[in-house]
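Coordinate inspection notes
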Amino acid sequence: MPRAFSVQEEASIRELLRNAARRLFASQGVLKTSLEQITSAAGIAKGSFYKFYQTKEVLFFELLEDSQNRIREPLLVGNLPAHLKTRRHFEKRVRTLFDQICADPLVQYMGREQELLAIVRKTPPEIMSAHQKEDQAFLNALIKRWNTKSKPPIRDVVAARVSILLLVSLKRDFLGERLFPHAATSAIESLTDCFF
């Protein structure tokens, strides 16, 4: 049975686990990363892991959500002066978001079917449901912030176009180097069309 930790120890250990897991997941994915590797790198006993996370997949999902929130935050933060609420400025922000998605190894593992299935299978439904609610809140905020049309776009249309943008980023190998930049530009323009 894991020993009791003070609040400070818990915070410190949680951060050690997150840092160790981020490094391991980024280099080898969820399937090839063992719980023993994570706990050894964090310097805790394997049994202590369960005080912090139900499964390594839940830890991965938490880290993935952190990446997602960091990547999409620039689309929503700060006061946006009217002169910056332009198609060009929005496209520039979405391009930056797209480039960050492509560069984030945790996000990119979601494009691998076996990794995705392992994460979905071992992440409790309540965590997945909460994630979906956060995604809906993000879409609502995105529409509220960027819509310039008299009638706001349908949220499901925006969600579909955001999903296409994500899928393009995850399927670079499938598209090939010749088609990938064109697919990226098309996906960015398609999302932008929702608002301008």
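Our subject in this report is the structure included herewith.

**Describing the overall build of the protein**
Counting its secondary structure elements, the protein contains 10 helices and 0 strands. Written out in order from the N terminus, the α and β elements of the protein read α-α-α-α-α-α-α-α-α-α. Taking the principal axes of the C-alpha coordinates as reference, the protein spans close to 60 × 40 × 25 Å. Within the protein, buried positions represent 38% of all 196 residues. A separation of at least 24 residues holds for 72% of the contacts in the protein among residues at least 6 apart in sequence. For the protein, the accessible surface area stands at approximately 11300 Å², while carbon and sulfur atoms represent 56% of it. Across the protein, the centroid of the 30 positively charged side chains sits 4 Å from that of the 22 negatively charged ones.

**What to know about the packing of helix α5 (residues 87-103) against helix α10 (residues 172-193)**
Put simply, α5 and α10 touch, their axes get as near as 10 Å, and they point 130 degrees apart. On the basis of their axis angle, the class for α5 and α10 is oblique. The two elements α5 and α10 cross, and the hand of that crossing is right-handed. Here α5 contributes Arg87, Phe90, Glu91, Val94, Arg95, Phe98 and Cys102 to the contact with α10, which in turn contributes Phe180, Ala184, Thr185, Ile188, Glu189, Leu191, Thr192 and Asp193. In the contact of α5 with α10, the residues fall into 8 nonpolar, 2 polar and 5 charged.

**What about the side chain of threonine 123?**
Here threonine 123 is to be found in the loop between α7 (113-121) and α8 (125-146). For threonine 123, the residues in contact, after removing those within four places along its chain, are Glu57, Val58, Phe61 and Met128.

**Description of the environment of lysine 144**
Take lysine 144: it is sitting in helix α8. For the pair lysine 144 and phenylalanine 195, spaced 51 residues apart in sequence, the C-alpha separation works out to 9.7 Å.

**A word on the state of the cysteines**
With the rule as written, the count across this model stands at 0 disulfides. Between cysteine 102, a free cysteine, and cysteine 194, which holds the nearest cysteine sulfur, the sulfur-to-sulfur gap is 19 Å.

**Considering the packing of aromatic side chains**
Per the stated rule, a full pass over the model turns up 8 aromatic pairs. Site record: aromatic cluster; members linked through ring pairs are Phe90, Trp146, Phe195 and Phe196. In this structure, arginine 14 is placed above the aromatic ring of tyrosine 53, and the distance from its NZ or CZ to the ring centre is 5.1 Å. A cation sits over an aromatic face here: arginine 72 above phenylalanine 138, 4.2 Å from the ring centre.

Each value, and the rule that gives it
- Residues numbered from 1 in each chain as written.
- Predicted model: local features only at pLDDT ≥ 70, side-chain atom pairs only at ≥ 80, totals over all residues.
- Heavy atoms only, no water.
- Helix = DSSP H or I, 4+ residues; strand = E, 2+ residues; numbered from the N terminus.
- Buried < 20%, exposed > 50% of the residue type's maximum accessible area, 1.4 Å probe, protein only.
- Contact = heavy atoms within 4.5 Å.
- Areas by Shrake-Rupley, 256 points an atom, 1.4 Å probe, with all protein chains shown as cover.
- Lys, Arg positive; Asp, Glu negative; His and termini not counted.
- Charge placed at Lys NZ, Arg CZ, Asp CG, Glu CD.
- Axes fitted to C-alpha atoms, helices over the stretch in contact; angles between N-to-C directions.
- Parallel < 35°, antiparallel > 145°, perpendicular 65-115°, else oblique.
- Left-handed = near helix turned anticlockwise from the far one by under 90°.
- Nonpolar A, V, L, I, M, F, W, Y, C, P; charged D, E, K, R; others polar.
- Disulfide = S-S within 2.5 Å.
- Phe/Tyr/Trp six-rings, centres within 6.5 Å; stacked < 30°, edge-to-face > 60°.
- Lys NZ or Arg CZ within 6 Å of the ring centre and 35° of its normal.

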